[in-house]
Amino acid sequence: MREELVWLDEESPRARNAVQASLEFVGALGVLLFASIRGLFSGRLEWRETLHQMAFIGAASAPIVALTSAFTGAVVTLYSASLFVEVGGGNFVGGALAVAMFRELAPILTGIMVTARCGSAIAAQLGTMKITEQIDALRALAVSPIQYLVIPRVLASLVMFPMLGMIANFAGIVGGWVVADAFGIGLSSFLQSIRLLAEPFDLIGGLIKTLVFALIVSLVSAQQGLAARGGAVGVGRATTRAVVLSMVLIFAANYFLADLLFAKR
Amino acid sequence: MKAGVPALETRQLVYAVDGKVILKGIDLRVEYGEVVGIMGASGSGKTTLLKCLCGLLKPTSGEVWVEGVNIAPLSERERMPLRLRLGIVFQDAALFDYLTVYENVAFGVERHRKLSREQVRQIVRERLAWVGLEGVEHLYPSQLSGGMRKRVGLARALAMDPHIVLFDEPTSGLDPVNAYQVDRLIVRLNRELNLTAVVVSHDVVSLMRTCSRIVMIEAGQIIAEGTPETIRQLEHPQVRAFLRMASSETLDDVPWLGYNIGQEAQV
Ligand SMILES: Nc1ncnc2c1ncn2[C@@H]1O[C@H](COP(=O)(O)OP(=O)(O)OP(=O)(O)O)[C@@H](O)[C@H]1O
Ligand SMILES: [Mg+2]
């Protein structure tokens, strides 16, 4: 497996149609994943860069993930409470929200927010390094860009996404409770209903989703950045594509994961 | 280093990208301890040749031998160890813009040599002193002038103690004093540490005083080769024009070669 295929786009002729381009993209992702796994076990870990990325992807994303989740939890409760209270099912509100948050909303919101915030930044940074020859400079100093740039970002994402998912869960429930309270649903009945309806696996399955999303965002963004070419416009294109492709893949993966984890047959 | 094995050698090196052939069969041989200059007009393929020599670009066809190993068919991973012994100074410095000067110069050393922090600091200070930079360790590349960046790039490559160094226009963009000092540094490294160097430049003066041999390339092909003396005396029209224009102090005693305006005569 030749890891240089990820960035030495000179070696492969430009893809001529959409099918070829997609296949090339999937191939590059596969190579990058394989090279990252191999590098993780055979090379030295760049601790400092990994911690740096953890702070950037995790800590710095927490407020925005919390904020969007809180509002999402609030709006879901707004609809469900007005429906449930009408038909006398006020004590289902908390549970319905919790299941929705744990399984779907928290993982997806985490994925989207981090893609927007960090996927774009990863692609832009690596893309700029590519076109200003900094990637070449790394290689010339016998440092693998995969070891130094890609693995820290993938690892940091894998560690931080589940934590962000937990934050999203918590914030969503809090946001929902604030609205529920306005509908006259008390805290104890709200919590009681969560305990009744939500299962531990709803939580665990949601966190498993975030791990897959972490892999998607970090690998796609790194790949797009490393494959950037053609000046500032090229970096812009790489950034856009990193965000769009990550989002599409997240939503597609989300469907299949939902089927796999939660569908009862 | 084995006897008889050249430090660097290319055989029928061809490099093409996007259907455009940039190097058209280069045969170059660099012995240990030589300083070889590569001279040529802008766009003639000098940078591309250097990048093929250190394995950053993969040749389309032909062979690239580095210290007795043909690196052309090797994968990126297999080429990595080789780069510890071979340094390259980039034309545009290519400094890591998110790291300070100190971190840039220390980058390779910290990763590849088991040295104490104090030893690393010593090496960084010394290499920066070699290129005439002191007291800039804490600055970021964006806070430096172009010439200073270039010299940091030089220090970064030399920090790894490579025994072959490829210099891509080490003196372009430097003032005459600093250019002179950099040329002197290259010659001193060659004499005192037996450094093998390939110096790419279109600065004829600088090449003449540093190199033991000069190779002239044009449009991806070697068109002349020899010691500075033989190159100076060569009757080759392109070489002559190149040298005369480089040393000309007036603008009308040189026959017109390019940029056709009106009907000026072609040589
Ligand atoms: N990635 C690329 N894609 C297409 N063409 C390229 C690429 N890289 C280089 N070239 C072309 O190859 C030729 C040689 O480029 P190279 O950078 O090697 O020139 P050079 O001799 O170093 O010039 P200069 O003295 O200006 O630095 C140029 O005509 C350039 O347009
Ligand atoms: Mg060049």
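To be clear, the structure that these remarks concern was listed above.
## Considerations on the packing of helix 4 (residues 93–131) of chain A against helix 6 (residues 145–182) of chain A
All names here are of chain A.
And then number 1: Close contact between helix 4 and helix 6 brings their axes to 7 Å; oriented N to C, the two are set at 145°. Where helix 4 crosses over helix 6, the handedness of that crossing is right-handed.
And then number 2: A breakdown of the residues in the contact of helix 4 with helix 6 according to their chemical character gives 16 nonpolar, seven polar and one charged.

## A closer look at the coordination of the magnesium ion (ligand 2)
Residues and elements named next belong to chain B.
And then number 1: Binding of the magnesium ion (ligand 2) to the protein goes through Thr47 (OG1) and Gln91 (OE1), at separations of 1.9 to 2.2 Å. Taken as a pair, threonine 47 in helix 1 (residues 46–53) and glutamine 91 in the loop between strand 6 (86–89) and helix 3 (101–112) lie far apart in primary sequence, 44 residues in all.
And then number 2: Owing to a relative accessible area of 22%, threonine 47 belongs among the partly exposed residues under this scheme.
And then number 3: For glutamine 91, a relative accessible area of 28% corresponds to the partly exposed category.

## Focus: the pairing of strand 6 of chain B
Residue and element names in this part refer to chain B.
And then number 1: A two-sided burial pattern is seen for strand 6, the buried positions comprising Leu86 and Ile88 on one face and Gly87 and Val89 on the other.
And then number 2: Where strand 6 meets strand 7 (residues 164–168), four bridges bridge the pair, whose relative direction is parallel. Note that in strand 7 the partner of glycine 87 across the bridge is valine 165.

## So, the sheet that holds strand 5 (residues 69–70) of chain B
Residues and elements named next belong to chain B.
And then number 1: Taken in spatial order, the four strands of this open sheet run 2-1-4-5, and their pairing is antiparallel. Whereas interior strands pair on both sides, the edge strands pair on one side only; in this sheet they are strand 2 (20–30) and strand 5.
And then number 2: As judged from the eight bridges shared by strand 1 (residues 8–17) and strand 2, these two strands associate in the antiparallel manner. Note that in strand 2 the partner of valine 17 across the bridge is lysine 20.
And then number 3: Its contacts with the sheet place helix 1 against strand 1, strand 2 and strand 4 (61–66), and it is angled at close to 60° to strand 2.

## Let's talk about a nonpolar patch on the surface
And then number 1: Together, Val75(A), Leu78(A), Tyr79(A), Val85(A) and Phe183(A) give the surface a local cluster of nonpolar side chains, amounting to about 430 Å² of exposed area.
And then number 2: Checked against the element boundaries, Leu78(A) lands in helix 3 (residues 62–86).

## Topic: empty space enclosed by the protein
And then number 1: Here the structure, examined in full by the defined rule, presents one cavity of 30 Å³ or more.
And then number 2: In this structure, the largest cavity occupies an estimated 100 Å³ of space.
And then number 3: At the level of secondary structure, the elements contributing two or more residues to the lining of the largest cavity comprise helix 5 (134–140) of chain A together with strand 6 and helix 5 (146–159) of chain B.
And then number 4: Here the residues of the lining of the largest cavity are counted per class, giving 10 nonpolar, two polar and two charged.

## So, the site of ligand 1
Residues and elements named next belong to chain B.
And then number 1: Close to ligand 1 lie 14 residues; Ser42, Gly43, Lys46, Thr47 and Thr48 are nearest.
And then number 2: Between ligand 1 and the protein, one listed contact pairs an oxygen atom with a backbone N or O atom of glycine 43 at 2.8 Å.
And then number 3: For ligand 1, an oxygen atom lies 3.0 Å from a polar atom in the backbone of glycine 45.
And then number 4: In isolation ligand 1 has 640 Å² of accessible area, and contact with the protein removes 65% of it.
And then number 5: Elements with a minimum of two residues in the shell around ligand 1: strand 2 and helix 1.
And then number 6: Broken down by class, the residue content of the shell around ligand 1 amounts to three nonpolar, eight polar and three charged.

## Focus on the environment of Ala182(A)
All names here are of chain A.
And then number 1: Tracing the backbone shows alanine 182 in helix 6.
And then number 2: For alanine 182, a relative accessible area of 69% gives the class exposed.
And then number 3: Through-space distance from the C-alpha of alanine 182 to that of alanine 81 is 9.6 Å; in sequence the pair is 101 residues apart.

## Let's talk about the layout of surface pockets
If you roll a probe as big as a water molecule over the atoms, it shows you where there is empty space left.
And then number 1: When its volume is computed, the largest pocket comes out at roughly 800 Å³.
And then number 2: When contributions to the lining of the largest pocket are tallied by element, the ones reaching two or more residues are helix 2 (47–57), helix 4 and helix 6 of chain A together with helix 3 and helix 4 (117–130) of chain B.
And then number 3: Considering each element in turn, the lining of the largest pocket owes the most residues, six residues, to helix 2 of chain A.
And then number 4: Residue composition of the lining of the largest pocket, grouped by class: 13 nonpolar, three polar and 12 charged.

## Structural notes on the packing of aromatic side chains
And then number 1: Taken as a whole, this structure holds six aromatic pairs over all chains when the rule is applied.
And then number 2: Ring geometry for Phe84(A) and Phe92(A): centres 6.2 Å apart, planes at 50°, overall tilted.
And then number 3: Overall, the relative accessible area of 26% leaves Phe84(A) in the partly exposed class.
And then number 4: Judged by its relative accessible area of 40%, Phe92(A) is partly exposed.
And then number 5: When the ring of Tyr148(A) is compared with that of Phe107(B), the centres are 5.1 Å apart and the planes differ by 90°; the resulting orientation is edge-to-face. Placement of the pair is Tyr148(A) in helix 6 and Phe107(B) in helix 3, with the two residues belonging to separate chains. Considered together, Tyr148(A) and Phe107(B) belong to a single accessibility category, that of buried residues.
And then number 6: Taken together, the aromatic side chains of Tyr148(A), Phe96(B), Tyr98(B) and Phe107(B) make up a single cluster linked through ring pairs.
And then number 7: A cation over an aromatic ring shows up here: Arg127(B) above the ring of Trp130(B), its NZ or CZ 4.4 Å from the ring centre.
And then number 8: Taking the ring centre of Phe96(B) as reference, the NZ or CZ of Arg156(B) above it sits at 4.7 Å.

## Observations regarding the environment of Ile38(B)
Residue and element names in this part refer to chain B.
And then number 1: Mapped onto the elements of the fold, isoleucine 38 is located in strand 3 (residues 35–39).
And then number 2: The exposure class of isoleucine 38 is buried, given its relative accessible area of 0%.
And then number 3: Measuring from C-alpha to C-alpha, the distance between isoleucine 38 and methionine 216 comes to 5.8 Å, with 178 residues separating the pair along the chain.

## So, the sheet that holds strand 9 (residues 213–218) of chain B
Residues and elements named next belong to chain B.
And then number 1: The strand order across the open sheet built from six strands is 6-7-8-3-9-10, with neighbouring strands paired in mixed fashion. Strands at the two margins of the open sheet, each flanked by one partner only, are strand 6 and strand 10 (221–226). Within this sheet the neighbouring strands show an average axis-to-axis angle of 15°, counted without direction.
And then number 2: Relative to the sheet, helix 5 contacts strand 6 and strand 7, its axis offset from that of strand 6 by approximately 175°.

Rules behind the numbers
- Residues numbered from 1 in each chain as written.
- Chains lettered and ligands numbered in written order.
- Predicted model: local features only at pLDDT ≥ 70, side-chain atom pairs only at ≥ 80, totals over all residues.
- Heavy atoms only, no water.
- Axes fitted to C-alpha atoms, helices over the stretch in contact; angles between N-to-C directions.
- Helix = DSSP H or I, 4+ residues; strand = E, 2+ residues; numbered from the N terminus.
- Left-handed = near helix turned anticlockwise from the far one by under 90°.
- Nonpolar A, V, L, I, M, F, W, Y, C, P; charged D, E, K, R; others polar.
- Donors = N, O, S within 2.8 Å, 3.2 Å for Na, K, Ca; no water.
- Buried < 20%, exposed > 50% of the residue type's maximum accessible area, 1.4 Å probe, protein only.
- Pairing = 2+ DSSP bridges.
- Contact = heavy atoms within 4.5 Å.
- Patch = residues over 30% accessible without salt bridge, like charges linked within 9 Å, V, L, I, M, F, W, Y side chains within 5 Å.
- Areas by Shrake-Rupley, 256 points an atom, 1.4 Å probe, with all protein chains shown as cover.
- Salt bridge = Lys/Arg side-chain N within 4 Å of Asp/Glu carboxyl O.
- 1 Å grid on protein atoms, 1.4 Å probe; cavity = no way out; pocket = protein on both sides within 12 Å on 5 of 7 lines; lining within 4 Å.
- Points joined across faces, edges and corners; volume = space filled by probe spheres on them.
- Near = heavy atom within 4 Å.
- Polar contact = N/O pair within 3.5 Å; in protein donor to acceptor, adjacent residues only side chain to side chain.
- Phe/Tyr/Trp six-rings, centres within 6.5 Å; stacked < 30°, edge-to-face > 60°.
- Lys NZ or Arg CZ within 6 Å of the ring centre and 35° of its normal.

The values are spatial; any link to function lies outside them.
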